Amino acid sequence: MKTPIRTPETSEITDETPLLLDVAARLAFPDGSVSALTLRNAAKRGDLGYERIGRRIYTTLAAIREMRAAYRQKAKPRNAKASAPQMIGDQQPEPSLTKEDFEAARASVRLDAERLLAQYKANSPRGRRKAIRSG
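Residues numbered from 1 in each chain as written. Predicted model: local features only at pLDDT ≥ 70, side-chain atom pairs only at ≥ 80, totals over all residues. Heavy atoms only, no water.

## Notes on the overall build of the protein
Part 1 of the argument: Within the protein one finds six helices and three strands.
Part 2 of the argument: Of the regular secondary structure in the protein, the N- to C-terminal order runs β-α-α-β-β-α-α-α-α.
Part 3 of the argument: If you take every contact in the protein between residues at least 6 apart in sequence, the share linking residues at least 24 apart comes to 47%. (Helix = DSSP H or I, 4+ residues; strand = E, 2+ residues; numbered from the N terminus. Contact = heavy atoms within 4.5 Å.)

This is the structure:
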C-alpha cells in the first residue's frame, strides 16, 4: 500500500525546492486543473525542466513558472484599426474587389470547372464507352 505524499508547508518551499510532480501540480495549480500526468507529459516534450532521481521525477515552482510563461498567448487586437494593413511610405493599400470583379472571377472559375468536368467525362472509362456506342 502506497503511503500518501505529504504536501510541505508553504513556508518550507522556495522557487528552487525540488518537488514531486504530484505535489508541484497541487501547489502550482490549486484548483486541480493540471495533474501530475500533465506535468510529466510536458517534461517528456521538453517544455518543463525536471530532475530524475531514481524512478521519481522532480520539478520546481520556478520551472513551472517558466513553462507557463512560454505557453502564454498574446492577446489579439480587437479593433479594426489594429488589423488594418499598414502603409509603408507612399504606398496605398490595394482597393477591395468590386462586385463586378467578383462576378467575373466567379464566371472564370465556373468555366474552368465545366472544362475540367468535360475532360474528365471524356477520359473516364464510362464516358469512353458512351462515345464508342454512339459513334
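## Things to note about the sheet that holds strand β3 (residues 56-59)
Part 1 of the argument: Across the sheet, three strands lie side by side as β1-β3-β2; this open sheet has antiparallel pairing. Only two strands of the sheet have a single neighbouring strand rather than two, namely β1 (19-20) and β2 (51-53). (Pairing = 2+ DSSP bridges.)

## Brief notes about the packing of helix α1 (residues 21-28) against helix α2 (residues 36-45)
Part 1 of the argument: One can describe the packing of α1 onto α2 by two numbers: an axis separation of 8 Å at closest approach and a directional angle of 110°. One element, α1, and the other, α2, form an angle in the roughly perpendicular class. Each of L21, D22, A24 and A25 in α1 lies in contact with α2, whose residues at this interface are A36, L39 and R40.
Part 2 of the argument: For the contact of α1 with α2, the residue count by class is five nonpolar, no polar and two charged. (Axes fitted to C-alpha atoms, helices over the stretch in contact; angles between N-to-C directions. Parallel < 35°, antiparallel > 145°, perpendicular 65-115°, else oblique. Nonpolar A, V, L, I, M, F, W, Y, C, P; charged D, E, K, R; others polar.)

## Structural notes on the pairing of β3
Part 1 of the argument: Two elements, β1 and β3, share two bridges in a ladder whose sense is antiparallel. Along β3, the bridge assignment pairs L20 with Y58.
Part 2 of the argument: Inspection of the sheet shows β2 paired to β3 by three bridges, in the antiparallel sense. Opposite R52, over in β3, you have I57 as the bridge partner.
Part 3 of the argument: Counting the residues that bridge the hairpin from β2 to β3 gives two residues, and of these G54 lies at a positive phi of roughly 65°.

## Re the environment of Y71
Part 1 of the argument: The topology assignment puts Y71 in helix α3 (residues 61-71).
Part 2 of the argument: Spatially, the C-alpha atom of Y71 lies 8.9 Å from that of D47, the residues being 24 residues apart in sequence.
Part 3 of the argument: Once residues lying within four places of it in the same chain are set aside, the contact partners of Y71 are A42, R45 and D47.
Part 4 of the argument: At 2.8 Å, the side chain of Y71 and the side chain of R45 are in polar contact. (Polar contact = N/O pair within 3.5 Å; in protein donor to acceptor, adjacent residues only side chain to side chain.)

## Some points on the nonpolar core
Part 1 of the argument: Formed by 20 residues in total, the largest nonpolar core has its most connected members in L19, L21, A24, L39, L48, I64 and M67.
Part 2 of the argument: Those elements that provide at least two residues to this core are β1, α1, α2, β3 and α3.
Part 3 of the argument: If sequence neighbours within four positions are ignored, I64 has contacts with A24, A28, F29, L39, L48 and T59. (Core = buried A, V, L, I, M, F, W, Y, C linked by side-chain atoms within 4.5 Å. Buried < 20%, exposed > 50% of the residue type's maximum accessible area, 1.4 Å probe, protein only.)

## Here we look at the side chain of T59
Part 1 of the argument: Inspection of the secondary structure assignment puts T59 in strand β3.
Part 2 of the argument: Polar side-chain contacts of T59 include one of 2.7 Å to the backbone oxygen of G49.
Part 3 of the argument: Beyond its immediate sequence surroundings of up to four residues, T59 is in contact with T17, P18, L19, L21, A24, L48, G49 and I64.

Without other data, these values stay purely geometric and don't point to any function.
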